[in-house]
Amino acid sequence: MQLIQENPDLSAYLAADEVIDHHHPRVRETAERLARGVDDSYEYAGVAFDFVRDTIAHSQDSGDLRVTWRASDVLERRTGICYAKTHALAALLRAEDIPTALCYQYLGVVHGLVAVRFHGAWHRQDPRGNKPGVDARFSLEGERLAFTPDAASGERDHPVLYAAPHPAVLDALRSARDRPRLWRALPTVL
């Protein structure tokens, strides 16, 4: 699949905003801690990916009812669904000057991923969190995502790389008081 940058300006994929708040002290402290002892940005990206995948619980898997969406809140509360986890990973990567996009798959509902820019190309990553049947890994050598869309069921990858969360995703997150309500409001199209 050919990935398409929504914004041709690569600096848009380094920007901070209300959601990808990588200037927040909690994000900065976490990024600095993760960067200690790594040799380069490639290694840092893998360490940050593993941190988000493994230490921030996917709220559906853990049963946590809280809804998080701002990167700093995800890092503080250590919970979130796929979108929230991608916001946290994007903030940690952008905090270390790694261009990071938000991207999506349609799997019956919209599923959130990130893409990192290395070696002149974008590489999609899925920090959703592993569980039985799901084994996502950081990779620049080919995708190791949590899910592969089933075209026969109408599932598909969405090729656009966004600099900020898609409005439909952000609206669902912001309007939900708890995860059960969020589950009913998840976007099915972008």
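See the structure shown above.
Attention in this report is confined to the structure presented alongside it.

Thresholds applied
- Residues numbered from 1 in each chain as written.
- Predicted model: local features only at pLDDT ≥ 70, side-chain atom pairs only at ≥ 80, totals over all residues.
- Heavy atoms only, no water.
- Helix = DSSP H or I, 4+ residues; strand = E, 2+ residues; numbered from the N terminus.
- Rg over C-alpha atoms; globule rule 2.2 N^0.38 Å.
- Buried < 20%, exposed > 50% of the residue type's maximum accessible area, 1.4 Å probe, protein only.
- Contact = heavy atoms within 4.5 Å.
- Salt bridge = Lys/Arg side-chain N within 4 Å of Asp/Glu carboxyl O.
- Phe/Tyr/Trp six-rings, centres within 6.5 Å; stacked < 30°, edge-to-face > 60°.
- Pairing = 2+ DSSP bridges.
- Axes fitted to C-alpha atoms, helices over the stretch in contact; angles between N-to-C directions.
- Expected span 1.5 Å × (residues − 1).
- Lys, Arg positive; Asp, Glu negative; His and termini not counted.
- Polar contact = N/O pair within 3.5 Å; in protein donor to acceptor, adjacent residues only side chain to side chain.

**Re the overall build of the protein**
Looking only at helices and strands, one finds seven helices and seven strands in the protein. Counting from the amino terminus, helix and strand elements in the protein follow one another as β-α-α-β-α-α-β-α-β-β-β-β-α-α. Radius of gyration (C-alpha) of the protein: 15 Å, near the 16 Å computed for a compact globule of 190 residues. Principal axes of the C-alpha set define a box for the protein whose edges measure 40 × 35 × 35 Å. Taken across its 190 residues, the protein has 51% of its residues classed as buried.

**Thoughts on the environment of Ala-84**
Note on placement: Ala-84 falls in helix α5 (residues 82–95). C-alpha of Ala-84 to C-alpha of Asp-54: the two residues are 30 residues apart in sequence and 14 Å apart in space. Filtering out sequence-adjacent residues up to four positions away, Ala-84 remains in contact with Thr-68, Trp-69 and Val-74.

**What to know about the pattern of salt bridges**
Counted according to the given criterion, the structure contains 15 salt bridges. With a closest N to O distance of 2.6 Å, Asp-54 and Arg-53 form a salt bridge. The closest approach of N and O atoms between Arg-181 and Asp-178, which form a salt bridge, is 2.7 Å. Ionic contacts of the salt-bridge type, sharing partners, join the residues Glu-18, Arg-70, Asp-73 and Arg-174 into one network.

**Brief notes about the packing of aromatic side chains**
This model, assessed by the stated rule, comprises five aromatic pairs. Residues Tyr-13 and Trp-122 carry aromatic rings whose centres are separated by 5.2 Å and whose planes lie at 65° to one another, so their mutual orientation is edge-to-face. Taken together, the positions of Tyr-13 in the loop between β1 (4–5) and α1 (25–35) and Trp-122 in strand β6 (residues 121–125) put the pair 109 residues apart, joining distant regions of the chain. Of the two residues examined, Tyr-13 and Trp-122, each falls in the buried class. Pairing Tyr-42 with Phe-118 gives two aromatic rings, centres 4.7 Å apart and planes at 50°, and the pair type is tilted. Of this pair, Tyr-42 sits in helix α2 (residues 41–55) while Phe-118 sits in strand β5 (residues 110–118), placing them 76 residues apart in sequence.

**Quick notes on the sheet that holds strand β4 (residues 100–106)**
Strand order in the open sheet formed by five strands is β1-β7-β4-β5-β6, with mixed pairing between adjacent strands. The strands lining the two open edges of the sheet, one partner per strand, are β1 and β6. Examined bridge by bridge, β4 and strand β7 (residues 156–162) share four bridges and lie antiparallel to one another. Counterpart to Tyr-104 in the pairing with β7 is His-158. α5 contacts β4, β5 and β7 of the sheet and is inclined by roughly 15° relative to β5.

**So, unusual backbone geometry**
Unlike most non-glycine residues, Arg-78 shows phi in positive territory, near 60°. Since its relative accessible area comes to 35%, Arg-78 is described here as partly exposed. Not every positive phi belongs to a glycine, and Asp-97 is a case in point at roughly 60°. Topologically, Asp-97 is positioned in the loop between α5 and β4. Relative accessible area serves as the criterion here: at 62%, Asp-97 is assigned to the exposed category.

**Here's the deal with α5**
In an α-helix, one full turn covers 3.6 residues, which means residues spaced three or four apart are oriented alike. For α5, with 14 residues, the first-to-last C-alpha span of 20 Å sits near the 20 Å given by 1.5 Å per residue. The buried fraction of α5 is high, at 14 of 14 residues. At the C-terminal side of α5, Asp-97 shows a positive phi close to 60°.

**Re the side chain of Asp-21**
Position of Asp-21 relative to the elements: it lies in the loop between β1 and α1. Of the side chains with opposite charge, Arg-70 lies nearest to the buried Asp-21, which makes no salt bridge, at 4.4 Å. Within polar-contact distance, the side chain of Asp-21 engages the side chain of Ser-72 at 2.5 Å. Sequence-distant contacts of Asp-21, that is, excluding residues within four places in its chain, are made with Val-27, Arg-70, Ala-71, Ser-72 and Ala-91.

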